[in-house]
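What the coordinates show
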Amino acid sequence: MSKELIHLDSISKSFDGQMILDELDLTIHENEFVTLLGPSGCGKTTTLRILGGFATPDTGKVIFDGKDITNVPPNKRPLNTVFQKYALFTHMTIAENIAFGLKIKKKSKQYINDKIHYALKLVNLDGYENRMPDSLSGGQQQRIAIARAIVNEPRLLLLDEPLGALDLKLRQEMQYELIRMKNELGITFVYVTHDQEEALTMSDTIVVMNQGYIQQIGSPEAIYNEPENAFVADFIGDSNIIPAIMVEDKLVDILGTRFACVDTGFGRNKPVDVVIRPEDVELVTPADGMMQGVVTHLIFKGVHYEMEVLAGGFEWLVHSTAMWPVGQAVGIRVDPFNIQIMNKPESEDEEAVAIDI
Amino acid sequence: MKTAAKKIYIAFIILFLYAPIGTLMVLSFNASKTRAKWGGFTLKWYIDLFHNEEILRALLNTLLIAFFSALAATIIGTIASVAMNGMKRRTKSIMMGITNIPMLNAEIVTGISLMLLYISFGMKFGIGTILLSHITFNIPYVILSVMPRMKQFNPSTYEAALDLGASHTTAFFKIVLPDLFPGILSGFLMAFTMSLDDFIITHFTKGVGVDTLSTKIYTEVKKGIKPEMYALSTLIFVTVLILLILVNRSPDKKKS
Ligand SMILES: Nc1ncnc2c1ncn2[C@@H]1O[C@H](COP(=O)(O)OP(=O)(O)OP(=O)(O)O)[C@@H](O)[C@H]1O
Ligand SMILES: [Mg+2]
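This one's a predicted model, so the numbers in the text were calculated from it and none came from an experiment.

For the rest of this paragraph, the subject is the site of ligand 1. Residue and element names in this part refer to chain A. Neighbouring ligand 1 are 13 residues, the closest being S40, G41, K44, T45 and T46. Here G41 contributes a backbone N or O atom positioned 2.8 Å from an oxygen atom of ligand 1. Across the complex, the protein chains shield 62% of the 640 Å² of accessible surface that ligand 1 would expose by itself. Counting residues per element, the shell around ligand 1 draws most heavily on helix α1 (residues 44-52), at 3 residues. Class assignment for the residues of the shell around ligand 1 results in 3 nonpolar, 7 polar and 3 charged.

Here is the structure:
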């Protein structure tokens, strides 16, 4: 891991007596692409505003490069923000928008012009210098907002759902652009989104949040393959979350059938939840299956078929390139590596978090 | 058929609304001094007007008061709008109510109240008291035209300016003010017009020997028929008309 750049130390924040962030701890390293992921209202923007200096935490500290910046105003922080709603200056041209921060820093005219040129090239909007923001499409405005931030060469760039308003194709293009910019510029990114696919595509590290708590921090692979609780499992893509009993190490009882797995250390006969991704459920003939069931639903999704199979009293969600018609008796097999065991939520708080999906 | 009826109806409304002013305008070009007879076209009254020193002094007073009261009201009103916008919704609507009441209040009540206030503070009546009164009744008009712009203002542009390194002052002057400018300008023009136009409040708060155009016309007309006054009224009417047209046009100019 590279050097630590930002550390949020036990940050709490409430609005009107309602707790929005509860003792949040988060460390971000230099040149890392960190994504805050979570459902609407979970406190992503609030976290970003605390980083940007637009909100002060009730308790806790913001440490930037070893210095406490909790009470440093936004205009004195070595970072820039791309706001959720572009927030371009509508009475200024594109060039004036981009030059705004540089003029305040009293850079030379030549330097500013070079930067404008460079930034517009970077966001693929060459030649838009003299246009007004209103005359640009949503996607173009968003790219200008990004250009306006990066010309200041911040050490940290905060982006609040910057691609939210764009259509799918443009969004994907912009995702690649952003990753390219990050690699080219060596800036640390903190990126907010509630789109799990976007988070998986772009991030080095994903922070899954819900109701002001961090649910899990990890690489996209870790978050997807080894969700730590039912909330994360469910939020990151479809999955089968099934109550089960851990019989002993590497053996789990799912709906009355014993499956081999790879997890250890949960104790004996302990209630747990298992997560099995739909694409990890194999359908075979009933005789070959570890469990038997009947197909109840079938939808064609383009890349694969989505089926629901009733087995052991549970509706299993299955993704497969092979098609099994409705009413067909099938067997279910799951590879031990694809069974992810999670502790049952313990406290009432966690229970609430798990149920409120 | 229906549209013809509509047109006639509108023609009547315009006729009744503007016939008195039209008469005044026509008479201001009438060479004969009596109102009953058309004595031919003349610009004599207009020329006399501009040779009458008292009237010119009243004109100067009017313009100075209109300009400075509008300027002061614009500054105060804009600051008030910015502050009110930052208030909680309930406090804001109460404040809006308070600022609106003076506009609905009968002018004569405002005029007399102000007069009593000045007397009780032992103030000397004159240009100063007129100016204060005009600033007072102009502020609501400014607030009324700045507030809608203020509501449209996207607060994250202000934060974006701070984010890019601007101080609060720079962010206010470079980002907030230009965005509010159309509202501020129309507020200023509105206040200027209102001040130019006012008779009643001025009448109660002016000192002896100090006159604005409207009070001057009033005293002159009381003394007897003076065609110069028709000419003067015509000029005031045209000025106010032009200003009102400007007020109504200034917000869209920005848009296009
Ligand atoms: N200034 C404020 N005053 C009162 N409540 C606020 C304020 N800002 C945020 N909140 C509340 O805090 C909670 C979290 O808001 P936040 O904007 O951080 O959510 P978010 O995760 O960014 O959601 P979204 O994905 O919808 O943007 C919400 O319930 C919101 O109503
Ligand atoms: Mg948000």
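It is worth spelling out the sheet that holds strand β13 (residues 257-260) of chain A at this point. Residues and elements named next belong to chain A. Pairing is antiparallel in the open sheet, where 5 strands are placed in the order β13-β12-β11-β14-β20. A strand with exactly one partner marks an edge of an open sheet, and here the two such strands are β13 and β20 (340-343). Recorded for the sheet is a direction-independent mean angle of 45 degrees between the axes of neighbouring strands. Relative to β13, strand β12 (residues 251-254) is paired through 4 bridges, and the arrangement is antiparallel.

Another point: the interface of chain B and chain A. Each partner contributes residues to the interface: chain B has 18 residues there, and chain A has 21 residues. When the buried area of chain B at its contact with chain A is split by residue, E159(B), D163(B) and L164(B) rank highest and sum to 42% of it. At the surface where chain B touches chain A, the tally comes to 1 salt bridge. Close ionic contact of E159(B) with R49(A) constitutes a salt bridge, the shortest N to O distance being 2.8 Å. Across the chain B-chain A interface, the total number found is 6 residue pairs in polar contact (both at pLDDT 80 or more). Every element with two or more residues in the side of chain B that touches chain A is listed here: α7 (155-163) and α8 (168-197) of chain B. When residues in the side of chain B that touches chain A are grouped by element, the largest group, 7 residues, is from α7(B). When its residues are assigned to classes, the side of chain B that touches chain A shows 7 nonpolar, 6 polar and 5 charged.

The next point concerns the pattern of salt bridges. All names here are of chain A. Going through the model one piece at a time under the given rule, you end up with 20 salt bridges over all chains. Salt-bridge contacts for R171 lead to D195; the nearest nitrogen and oxygen are separated by 3.7 Å. With R171 in helix α5 (residues 168-185) and D195 in the loop between β8 (188-193) and α6 (196-202), this residue pair connects regions lying 24 residues apart in the sequence. Through salt bridges with shared partners, a single network forms among K3, E30, D65 and R155.

Let's shift gears to the packing of helix α4 (residues 138-150) of chain A against α5(A). Residue and element names in this part refer to chain A. Contact pair α4 / α5: the axes reach a minimum separation of 12 Å and the direction vectors enclose 10 degrees. With respect to α5, the axis of α4 lies roughly parallel. Side by side, α4 and α5 meet where G139, R143, I146 and I150 of the first sit next to L170, M174, L178, M181 and L185 of the second. Residues that form the contact of α4 with α5 fall into these classes: 7 nonpolar, 1 polar and 1 charged.

Accessible area lost when the parts come together is the quantity often used to give the size of an interface. Residue and element names in this part refer to chain A. Parsing chain A into structural domains produces domain 1 (4-225) and domain 2 (239-352). Each of domain 1 and domain 2 has a C-alpha centre, and the two are 38 Å apart. With 4 residues of domain 1 in contact, the opposing surface of domain 2 contributes 4 residues. Of the roughly 350 Å² buried between domain 1 and domain 2 on both sides combined, carbon and sulfur atoms contribute 29%.

Residues and elements named next belong to chain A. Strands sit in the order β2-β1-β4-β5 across an open sheet of 4 strands; the sheet is antiparallel. Each end of this open sheet is capped by a strand with a single partner; those strands are β2 (18-29) and β5 (67-68). Inspection of the sheet shows strand β1 (residues 4-15) paired to β2 by 8 bridges, in the antiparallel sense. Note that in β2 the partner of I11 across the bridge is L24. Sheet strands in contact with α1 are β1, β2 and β4 (59-64), and its direction is about 120 degrees off that of β1.

This paragraph deals with the packing of aromatic side chains. Residue and element names in this part refer to chain B. All told, the structure shown has 16 aromatic pairs over all chains when counted by the stated rule. Ring centres of F188 and F192 lie 6.3 Å apart, and the angle between their planes is 25 degrees; on these two criteria the pair is classed as stacked. On the criterion of helical spacing, the pair formed by F188 and F192 is a turn pair, its members being 4 residues apart in helix α8. A residue is classified by how much of its surface remains accessible, and F188, at 17% relative accessible area, is buried. You can call F192 buried: its relative accessible area is 14%.

Rules behind the numbers
Residues numbered from 1 in each chain as written. Chains lettered and ligands numbered in written order. Predicted model: local features only at pLDDT ≥ 70, side-chain atom pairs only at ≥ 80, totals over all residues. Heavy atoms only, no water. Near = heavy atom within 4 Å. Polar contact = N/O pair within 3.5 Å; in protein donor to acceptor, adjacent residues only side chain to side chain. Areas by Shrake-Rupley, 256 points an atom, 1.4 Å probe, with all protein chains shown as cover. Helix = DSSP H or I, 4+ residues; strand = E, 2+ residues; numbered from the N terminus. Nonpolar A, V, L, I, M, F, W, Y, C, P; charged D, E, K, R; others polar. Pairing = 2+ DSSP bridges. Axes fitted to C-alpha atoms, helices over the stretch in contact; angles between N-to-C directions. Contact = heavy atoms within 4.5 Å. Buried area = accessible area lost by both parts, 1.4 Å probe. Salt bridge = Lys/Arg side-chain N within 4 Å of Asp/Glu carboxyl O. Parallel < 35°, antiparallel > 145°, perpendicular 65-115°, else oblique. Domains from an automatic or database assignment. Phe/Tyr/Trp six-rings, centres within 6.5 Å; stacked < 30°, edge-to-face > 60°. Buried < 20%, exposed > 50% of the residue type's maximum accessible area, 1.4 Å probe, protein only.

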